[in-house]
Amino acid sequence: MKIINNDMGTFITYDLENVKIVFSTAEKNLDFNKNTVIGKQNLKKLINYHNVRELNYLNQIHSDCIFINPHDVKEGDAIISNKREEIIGVFTADCVPVILYDEKNNVVATVHSGWQGTIKEIVLKTLTKMKEVYGSNGEDIKAFIGPHNRECCYEVSEELINSFKERDLYKNIEINKGRHLSLYNCILKQLKEFGVMEENIIDIKLCTYCNKEFKLHSYRKDKENSGRMFSYVYIK
């Protein structure tokens, strides 16, 4: 992991042989809200900064809709791509950004997993789609889990926790402490269910609500004043 500071702000990066993985922060008031002029400008800057051909994202709707190499903006919450020099990413401000990389087949995916996407097992469904289309296997996957509202601060209703526990996948794991829900533990279970090895699961371990190391966007904390972070990957 490297911390990169540039004119735009501060980024947490993983530079692998064939791919680059990046999680933005809110340092220097960096905002990637695609519905604002500044957010759109910052997204365009990434194309020049990384010297890539294009940048793709979705209109996120807290679903389990997954797209492969989309050519325009779709409504959904996960993108799978095998294109070189193309950034794909997700926007978050408390939800969990998950980046997947199949080292063998050189395929990447970005997933937006809030509680709705997590209860629908969108990470596992994305991996399953990668297997169907590209032959991906668990032992070849690296998974990167970015900043999100973690169990320390993510208080939800008992009804929601019970809804998670009613699902077969989450029945026999610890997903909560009282009314504090761990989306991380749920996503970890999805990854392991597919066969991703624990040593290949990289967790940044930053809470958007209480972290003091970096300024991060949090909708729960800042409500409508919150910006958006952009978590992305591209194949070199």
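All figures in this text were calculated on a predicted structure; none of them were measured in a lab.

(A) Summary view of the overall build of the chain. When helices and strands are tallied, the chain shows six helices and 14 strands. Compactness check: the chain gives a C-alpha radius of gyration of 17 Å against a globular reference of 18 Å for 236 residues, within 12% of the reference. Taken over the C-alpha atoms alone, the chain extends approximately 45 × 40 × 30 Å along its principal axes. Taken across its 236 residues, the chain has 56% of its residues classed as buried. Across the chain, every contact between residues at least 6 apart in sequence was considered, and the portion connecting residues at least 24 apart equals 64%. In the structure as shown, the chain presents an accessible area of about 10800 Å², 43% of it carried by carbon and sulfur atoms. Of the side-chain charges in the chain, 33 are positive and 33 negative, and the distance between the mean point of each set is 3 Å.

(B) Spatial organisation of the sheet that holds strand E7 (residues 86-92). Spatially, E1-E2-E3-E14-E7-E4 is the arrangement adopted by the six strands of the open sheet, whose pairing is mixed. Only two strands of the sheet have a single partner each, and these edge strands are strand E1 (2-5) and strand E4 (54-56). When strand polarity is set aside, the average angle formed by the axes of neighbouring strands in this sheet is 25°. Here strand E2 (residues 10-15) runs beside strand E3 (residues 19-24); their pairing, made up of five bridges, is antiparallel. Each residue of the ladder has a partner; that of Tyr14, found in E3, is Ile21.

(C) Quick look at helix H4 (residues 158-165). Among the residues making up H4, those that are buried are Leu160, Ile161 and Phe164. When H4 is viewed along its axis, its buried side chains cluster within an angular range of 100° and face the same direction. Set apart from the buried face of H4 by more than 90 degrees, the exposed residues are Glu158 and Glu159. For H4, the secondary structure elements touched by its buried residues are helix H2 (115-119), strand E11 (176-177), strand E12 (180-181) and helix H5 (183-194).

Cut-offs applied
- Residues numbered from 1 in each chain as written.
- Predicted model: local features only at pLDDT ≥ 70, side-chain atom pairs only at ≥ 80, totals over all residues.
- Heavy atoms only, no water.
- Helix = DSSP H or I, 4+ residues; strand = E, 2+ residues; numbered from the N terminus.
- Rg over C-alpha atoms; globule rule 2.2 N^0.38 Å.
- Buried < 20%, exposed > 50% of the residue type's maximum accessible area, 1.4 Å probe, protein only.
- Contact = heavy atoms within 4.5 Å.
- Areas by Shrake-Rupley, 256 points an atom, 1.4 Å probe, with all protein chains shown as cover.
- Lys, Arg positive; Asp, Glu negative; His and termini not counted.
- Charge placed at Lys NZ, Arg CZ, Asp CG, Glu CD.
- Pairing = 2+ DSSP bridges.
- Axes fitted to C-alpha atoms, helices over the stretch in contact; angles between N-to-C directions.
- Arc of directions from axis to C-beta.

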